[in-house]
Amino acid sequence: MENKIQNEQTILIVDDNPTNLGVLTENLKSWGFNLMVARSGESGLQKAIKGKPDFILLDIYMPGMNGFEVCKKLKEDPSTSGIPIIFLTADSDQTDKIKGFEMGAVDYITKPFNPEEVLARINRHLEIHFLRKQLETQNIQITLQNEQIKLKNSQLENEIIERQKAEEKQRELEATNMRLEKAESLGQMAGGIAHLFNNYLATIVGHLELALEDLTEDSYVKDNIESAIKAVWRASDVSNAMLTYIGQKIISLEPVDISECCRRSLAVMPPFSNSNIGIETNFADKKLIINASASQMQQLINHLITNAYESIVENKGKISIITKSIDSFDIPQSNLFPAGSKPSSNKYGYIEVTDTGYGIPEEDIGKIFDPFFTTKFIGRGLGLATVLGIVKSWQGMIAVNSKTGHGTSFMIFVPLSFEEESVRPLRKIIHTHKIESSPTVLLVEDNQMVLNMTTSVLKNIGCKVISAVNGMEAIELFKIHKHSISCIITDLSMPGIDGWTTLSKIRNMNPNIPAILASGYDEAFAMAPDNPEKPQAFLHKPYSMKELQIALEKALNASVSA
């Protein structure tokens, strides 16, 4: 139905920003829509009244007549009141959103645009609009048939059945929309927590590595500190999985065999405290290669097995793991996550983890993948959210089949690949060395703990440090010390002016100054905005002392491109 709707529909884009118009126009044309374009609210209102488009993408903040005024006038005019309107905005203010919905807008799209999100939202609302028109037509037909042909009861019954189907489909679409909106809200919360978590981890690992540098090889606390550092990296994996869950981490994938990964994961899992719970396996005979991450696979299996173990009551039962290939048409559509998932490949690798536990109540199935949702004791709630984040990063899906008192099955579907396997090395603790040039570094960081830790690390490897707690202070300090500063290390997310703006203003004073950008977000996500100020290196929090030194040496040895 989507292709048919796209080929017949005209969209009016109202935006005063040429860049936004260019991006939207290019993508919408490639998707088969007919387009009308206006660069002001007044022009958009006139074109909507005259051209009667099927859909309107409307910017809120424009000179002259803003988007709210345009929307109000369109909804007051009977000839245009039924046209669906999606607001375009760079502002996430809830007041504006509520105001827009009260005026009759059907949705919001936040800038910068994600083309796939734009298409998904437009198609969703076009289909809803299409179904509403279809229902109106059917209602008219039913009324006429009741008045004119009362004897045609069978025909009337068929029309009623079709109407019920259409209404059910509309309810399903609305339910999916609610799930997507809830996931977006939870994602914002999880992203904020993960970012703060990474700052704390950066502080911990930095101080631990500083302590490790001062110990002798035979120190009795050396093993304890190295174990603590490894625990920090494991905690970092959880934080990174939260970023993956909300789409703010781009994972480096590799071809892996799911059966072999499952075997290795089970081999390194700690034994259950109760021997009455057994694990049965039924792995595919042939290799099933998917693009994934072996370390994430181990994390995924660990979470699912632990979840299954804790669900088995009376400490007696079994857990089974199955791997095989499956066709896309065999993937169930009920209780399939993420919301709105549809197969994108013909063949899928399949992992099923089934337990004989208590099961999941029907009303909880839609919430089990939400971050921090748990029906167990305090301290749980991230396991299944992490699993969903991992599977989403592999372009996969999860289906859940459960009935209270009869156990639960988690079924994972990941598109099959046919590339050779590769093995990624484990992370090692590497000691640092002094930087002989003793450079002066301007360190910009709003988190005081991270600022103090990084200052200590930089001094430990032979640097002089000038520190600033925000972008404005960094700019003033650079004015004073610009002839002695060799490099800038700046955090990305700061109150006031961010790392990009800070770097831009400093490079106005010295275009050749090397820079390092640090962030709790993944590099690919942090560097995604098209910003002319490119740093010479990037540090993902939490980072080790060695990673900091490598980034600093890379920045000092690189030249700023023109």
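Residues numbered from 1 in each chain as written. Predicted model: local features only at pLDDT ≥ 70, side-chain atom pairs only at ≥ 80, totals over all residues. Heavy atoms only, no water.

Enquirer: How do you make sense of the overall build of the chain when you look at a structure like this?
Expert: Of regular secondary structure, the chain possesses 17 helices and 18 strands. When the accessible surface of the chain is totalled, it reaches about 28,400 Å², and 52% of it is carbon and sulfur. (Helix = DSSP H or I, 4+ residues; strand = E, 2+ residues; numbered from the N terminus. Areas by Shrake-Rupley, 256 points an atom, 1.4 Å probe, with all protein chains shown as cover.)

Enquirer: Any chance you could explain the sheet that holds strand β18 (residues 537-540) here in plain terms?
Expert: If you trace the 5 strands from one edge of the open sheet to the other, you get β15-β14-β16-β17-β18, paired in parallel fashion. Both outer strands of the open sheet, β15 (464-468) and β18, are each paired with one neighbouring strand and no more. Neighbour to neighbour, the strand axes of the sheet diverge by 20 degrees on average, direction disregarded. Both strand β14 (residues 440-444) and strand β16 (residues 487-491) contribute to a ladder of 4 bridges, which runs parallel. Residue V441 lies in a different strand from β16, and its bridge partner there is C487. Across the face of the sheet, helix α13 (residues 448-460) comes into contact with β14, β15 and β16 while running at roughly 165 degrees to β15. Its contacts with the sheet put helix α17 (residues 545-557) on β14, β16, β17 (515-519) and β18, and the angle it makes with β18 is roughly 165 degrees. (Pairing = 2+ DSSP bridges. Axes fitted to C-alpha atoms, helices over the stretch in contact; angles between N-to-C directions. Contact = heavy atoms within 4.5 Å.)

Enquirer: Please explain the packing of aromatic side chains as it appears in this structure.
Expert: The relation between two aromatic rings is expressed through the spacing of the ring centres and the mutual angle of the planes. By the definition in use, this model includes 6 aromatic pairs. Aromatic pair F68 and F87: ring centres 5.3 Å apart, planes at 75 degrees, arrangement edge-to-face. On the criterion of sequence distance, the pair formed by F68 in helix α4 (residues 67-76) and F87 in strand β4 (residues 85-89) is long-range, its members being 19 residues apart. Through a chain of ring-to-ring contacts, three or more aromatic side chains come together here, namely F68, F87, F101 and Y108. (Phe/Tyr/Trp six-rings, centres within 6.5 Å; stacked < 30°, edge-to-face > 60°.)

Enquirer: What exactly am I supposed to notice about α13 here?
Expert: Residues that lie three or four places apart on an α-helix share one face, since the helix turns once every 3.6 residues. Along its 13 residues, α13 runs 18 Å from first to last C-alpha, staying within 8% of the 18 Å computed at 1.5 Å per residue. Every buried residue of α13 is listed here: V450, L451, M453, T454, T455, V457, L458 and N460. The opening residue of α13 is N447, an N-cap whose side-chain oxygen sits 3.1 Å from the backbone nitrogen of M449. Once α13 ends, the next one or two residues include G462, with phi positive near 100 degrees. (Expected span 1.5 Å × (residues − 1). Buried < 20%, exposed > 50% of the residue type's maximum accessible area, 1.4 Å probe, protein only. Polar contact = N/O pair within 3.5 Å; in protein donor to acceptor, adjacent residues only side chain to side chain.)

Enquirer: Explain unusual backbone geometry here, please?
Expert: Comment: phi is negative for the bulk of residues other than glycine, and the bulk of peptide bonds are trans. For the bond from K111 to P112, the omega torsion is -5 degrees, close enough to zero to count as cis. Note on placement: P112 falls in the loop between β5 (107-110) and α6 (115-148). Looking along the chain, the bond that leaves K541 and enters P542 is cis, with omega of -5 degrees. With respect to the helices, strands and loops of the structure, P542 is situated in the loop between β18 and α17.

Enquirer: Just to check I follow, could you spell out the confidence of the model for the chain for this structure?
Expert: Any residue range with low pLDDT should be treated as having predicted coordinates unsuitable for detailed reading. With 83% of its residues at a pLDDT of 70 or more, the chain shows a mean pLDDT of 82. Here residues 419-432 scores under 50 on pLDDT; set against residues more than four positions off or in separate chains, the count is 29 contacts. (pLDDT = per-residue confidence, 0-100.)

Enquirer: I'm lost on the environment of I390 in this one. Help?
Expert: Looking at the element boundaries, I390 is found in helix α12 (residues 383-393). The class for I390 is buried, based on a relative accessible area of 0%. Between the alpha carbons of I390 and M297 there is a distance of 8.2 Å; along the sequence they are 93 residues apart.

Enquirer: Help me understand the pairing of strand β2 (residues 34-38) in this model?
Expert: In regular strands, side chains alternate between the two faces of the sheet. Strand direction decides the pairing type here: strand β1 (residues 10-14) and β2, joined by 5 bridges, are parallel. Bridge pairing in β2 places I11 opposite L35. Of the crossover connections in this fold, the one passing from β1 over helix α2 (residues 18-30) to the parallel β2 is right-handed. (Right-handed = clockwise from strand over helix to strand, strands pointing away.)

Enquirer: Can you help me understand the side chain of S409 in this one?
Expert: Here S409 is to be found in strand β13 (residues 408-417). Among the polar contacts listed, one links the side chain of S409 to the side chain of T354, at a separation of 2.7 Å. Residue contacts for S409: discarding those within four places in its chain leaves E352, V353, T354, A399, V400 and N401.

Enquirer: Can you help me understand the pattern of salt bridges in this one?
Expert: Between side chains of opposite charge, pairing is possible as soon as their charged atoms come close. Considering all chains together, one arrives at 15 salt bridges under this definition. A salt bridge links E260 to R264, with the shortest nitrogen-to-oxygen separation between them at 3.2 Å. On the criterion of helical spacing, the pair formed by E260 and R264 is a turn pair, its members being 4 residues apart in helix α9 (residues 258-268). Among the residues examined, E260 registers a relative accessible area of 27% and is labelled partly exposed. (Salt bridge = Lys/Arg side-chain N within 4 Å of Asp/Glu carboxyl O.)

Enquirer: Help me understand the nonpolar core in this model?
Expert: In a soluble, globular protein the nonpolar side chains are often hidden away together inside. Grouped together as the largest cluster of nonpolar side chains are 40 residues, with contacts concentrated most on I290, L300, F369 and F410. Secondary-structure elements contributing two or more residues to this core are α9, β8 (289-292), α10 (294-311), β9 (317-327), β11 (347-355), α12, β12 (397-402) and β13. In terms of residue count, α10 provides more of this core than any other element does, 7 residues in total. L443, L458, C463 and C487 belong to the second-largest nonpolar core, a separate cluster that totals 23 residues. (Core = buried A, V, L, I, M, F, W, Y, C linked by side-chain atoms within 4.5 Å.)

Enquirer: Honestly, the packing of α10 against α12 in this entry has me stumped. Any pointers?
Expert: Packed helix pairs are specified by the crossing angle of their axes together with the interaxial distance, meaning the distance between the axes. Interaxial distance between α10 and α12 falls to 9 Å at its minimum, and their mutual angle equals 145 degrees. In this structure, the crossing between α10 and α12 has a hand that is left-handed. On α12, the residues touching Q296, Q299, L300, H303, L304 and N307 of α10 are G383, L384, T386, V387, I390, V391 and S393. (Left-handed = near helix turned anticlockwise from the far one by under 90°.)

Enquirer: Is there a simple way to think about the packing of helix α3 (residues 41-51) against α4 in this case?
Expert: Axis separation between α3 and α4 bottoms out at 9 Å; the angle between their running directions is 20 degrees. By the angle class used here, α3 and α4 are roughly parallel. Judged by the twist between their axes, the crossing of α3 over α4 is right-handed. Taking contact as the criterion, the partners of G41, L45 and A48 in α3 are, on α4, V70, K73 and L74. By residue class, the composition of the contact of α3 with α4 is 4 nonpolar, 1 polar and 1 charged. (Parallel < 35°, antiparallel > 145°, perpendicular 65-115°, else oblique. Nonpolar A, V, L, I, M, F, W, Y, C, P; charged D, E, K, R; others polar.)

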